[in-house]
Amino acid sequence: MKLQIKILDPKIREKMPSYASLGSAGLDLRAVMDEPLVLQPGETKLIKTGLAIYIGDPGYAALILPRSGLGHKHGIVLGNLVGLIDSDYQGELMVSCWNRSQTPFTIEPMERIAQLVIVPVVQPTFEVVDEFVATERGTDGFGSSGRH
Ligand SMILES: O=c1ccn([C@H]2C[C@H](O)[C@@H](COP(=O)(O)OP(=O)(O)OP(=O)(O)O)O2)c(=O)[nH]1
Ligand SMILES: [Mg+2]
């Protein structure tokens, strides 16, 4: 698949996203800014990535996900929990960074702050019915099968 990408900030030109290994699912996104940014405990800031993508095909979307190390060790996750990039969006990729920890965290310019994953999407048509075909589970959910 070919993905159209626009460089909106020349600083990103030398540090374009790329797959770190053959099996990588995510492309790291960097914080494009001139100065370090301190995120206070509980604070959320919208951060530019210097990039725009245009997916074009409604059969795909992109997800912005936290980086595991930043999220687990430092509590730096996403203010929207997951970012969804529509296939018709052409604006700058923005990352909502949330410091859910008790400690201030400094984001350095060009630091890798999140990751982008391209995923397939299905847009179904709806068939309105009065009854579904019965299944063993039926409407049981939310822990109905117990814990062990
Ligand atoms: O983390 C994110 C999430 C979204 N977007 C962009 C791409 C997406 O296609 C657009 C709209 O996102 P979404 O539909 O999730 O937000 P909304 O609040 O519903 O805004 P809108 O009314 O523009 O759809 O914003 C980002 O750049 N980063
Ligand atoms: Mg929306």
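Residues numbered from 1 in each chain as written. Chains lettered and ligands numbered in written order. Predicted model: local features only at pLDDT ≥ 70, side-chain atom pairs only at ≥ 80, totals over all residues. Heavy atoms only, no water.

Caption draft 1: Quick peek at unusual backbone geometry. Even without being glycine, Met110 reaches a positive phi, approximately 70 degrees. By relative accessible area, Met110 is classed as buried at 13%. (Buried < 20%, exposed > 50% of the residue type's maximum accessible area, 1.4 Å probe, protein only.)

Caption draft 2: Seen up close, the site of ligand 1. By nearness alone, every residue bordering ligand 1 is listed as Ile64, Asn80, Gly83, Leu84, Ile85, Asp86, Tyr89, Glu92, Leu93 and Met94. In the model, an oxygen atom of ligand 1 is placed 2.6 Å from a nitrogen or oxygen of the Asp86 side chain. For ligand 1, a nitrogen atom lies 2.7 Å from a polar atom in the backbone of Met94. The fraction of the free accessible surface of ligand 1 (570 Å²) that becomes covered by protein chains is 48%. Split by residue class, the shell around ligand 1 holds six nonpolar, two polar and two charged. (Near = heavy atom within 4 Å. Polar contact = N/O pair within 3.5 Å; in protein donor to acceptor, adjacent residues only side chain to side chain. Areas by Shrake-Rupley, 256 points an atom, 1.4 Å probe, with all protein chains shown as cover. Nonpolar A, V, L, I, M, F, W, Y, C, P; charged D, E, K, R; others polar.)

Caption draft 3: Local environment of the nonpolar core. In this structure, Ile64, Val95, Cys97, Ile107 and Leu116 are the most contacted members of the largest nonpolar core, which totals 27 residues. Only strand E2 (27-30), strand E3 (37-39), strand E4 (44-54), strand E5 (60-66), strand E6 (76-78), strand E8 (92-99), strand E9 (105-107) and strand E10 (112-120) provide two or more residues apiece to this core. Those residues in contact with Val95 that lie beyond four places of it in its chain are Leu29, Lys45, Leu46, Ile47, Thr49, Ile64, Leu78, Ile113 and Ala114. (Core = buried A, V, L, I, M, F, W, Y, C linked by side-chain atoms within 4.5 Å. Helix = DSSP H or I, 4+ residues; strand = E, 2+ residues; numbered from the N terminus. Contact = heavy atoms within 4.5 Å.)

Caption draft 4: Inspection of the sheet that holds E6 at higher detail. In spatial order, the strands read E1-E4-E8-E6; together these four strands make up an open sheet with antiparallel pairing. A strand with exactly one partner marks an edge of an open sheet, and here the two such strands are strand E1 (4-7) and E6. Taken pair by pair, the neighbouring strands of this sheet meet at an average axis angle of 45 degrees, ignoring direction. (Pairing = 2+ DSSP bridges. Axes fitted to C-alpha atoms, helices over the stretch in contact; angles between N-to-C directions.)

Caption draft 5: Representation of the side chain of Asp28 in the model. Structurally, the position occupied by Asp28 is in strand E2. At 2.8 Å, the side chain of Asp28 forms a polar contact with the side chain of Arg112. Sequence-distant contacts of Asp28, defined by excluding residues within four places in its chain, comprise Pro17, Arg67, Arg112, Ala114 and Gln115.

Purely geometric numbers; function is a separate question.
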